[in-house]
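Chain residues, written in single-letter form:
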Amino acid sequence: MAIVNATDQNFKAEVEKGTVLVDFWAPWCGPCKMIAPVLEELDKELGDKVKIVKVNVDENPETASQFGIMSIPTLLLFKDNEVVDKWVGFQPKEALVEKLNAHL
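Each value, and the rule that gives it
- Residues numbered from 1 in each chain as written.
- Predicted model: local features only at pLDDT ≥ 70, side-chain atom pairs only at ≥ 80, totals over all residues.
- Heavy atoms only, no water.
- UniProt positions renumbered as here; feature names shortened; annotations may be inferred.
- Disulfide = S-S within 2.5 Å.
- Buried < 20%, exposed > 50% of the residue type's maximum accessible area, 1.4 Å probe, protein only.
- Helix = DSSP H or I, 4+ residues; strand = E, 2+ residues; numbered from the N terminus.
- Contact = heavy atoms within 4.5 Å.

Looking at an unreviewed UniProt entry, one finds the protein named Thioredoxin, with Caldalkalibacillus thermarum as its source organism. Taken directly from UniProt, the Sequence similarities (unreviewed entry) text for the protein runs: "Belongs to the thioredoxin family."

Quick look at the structure:
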């Protein structure tokens, strides 16, 4: 499954089914650039179990505001349209795999 770029308009549809990891990010954010390749690796390894969605907070302020995103990157884990976990800041791949496996 490929990483999806969500907008304020389609966000709800992107997270309503299954397990979805949402990355709130911006192009000017250093740690966001660091976590991007980690998410691409996770998508290759766990893409059949976890959908990865990216939300650019500069272009989609409504969605960022709806979830109270204050700093980026912030990762929210949705399970069937409900937030079940949240991580703020850069996360190494091993830590994310461990956290995701706890919810799968």
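Don't stop here, the text continues.
A. Seen up close, the state of the cysteines. Here the structure, examined in full by the defined rule, presents 1 disulfide. Across the disulfide, C29 is cross-linked to C32 (sulfur-sulfur distance 2.3 Å). Of note, the bridge from C29 to C32 carries an S-S torsion of about 80 degrees and is right-handed in sense. C32 matches C29 in its accessibility class, with the two residues each being buried.

B. Representation of the UniProt feature "active site" (unreviewed entry) in the protein in the model. Mapped onto this structure's residue numbering, the UniProt feature "active site" (unreviewed entry) falls at C29 and C32. Counting through the fold element by element, C29 comes out in the loop between strand 2 (19-25) and helix 2 (30-46). In this structure C29 comes out as buried when scored by relative accessible area, which is 4%. The residues touching C29, leaving out its near neighbours within four places in the chain, are I72 and P73. Mapped onto the secondary structure, C32 falls in helix 2. Apart from residues lying up to four places away in sequence, C32 is in contact with W25, A26, I72 and P73.

C. Region of the structure containing unusual backbone geometry. A cis amide bond links I72 to the next residue, P73, at an omega of 0 degrees. With respect to the helices, strands and loops of the structure, P73 is situated in the loop between helix 3 (61-66) and strand 4 (74-79). In this model, D80 sits at a positive phi of 50 degrees, which is unusual for a non-glycine residue. Mapped onto the secondary structure, D80 falls in the loop between strand 4 and strand 5 (82-88). Even without being glycine, N81 reaches a positive phi, approximately 75 degrees. Within the secondary structure, N81 is located in the loop between strand 4 and strand 5. A relative accessible area of 32% places N81 in the partly exposed class.

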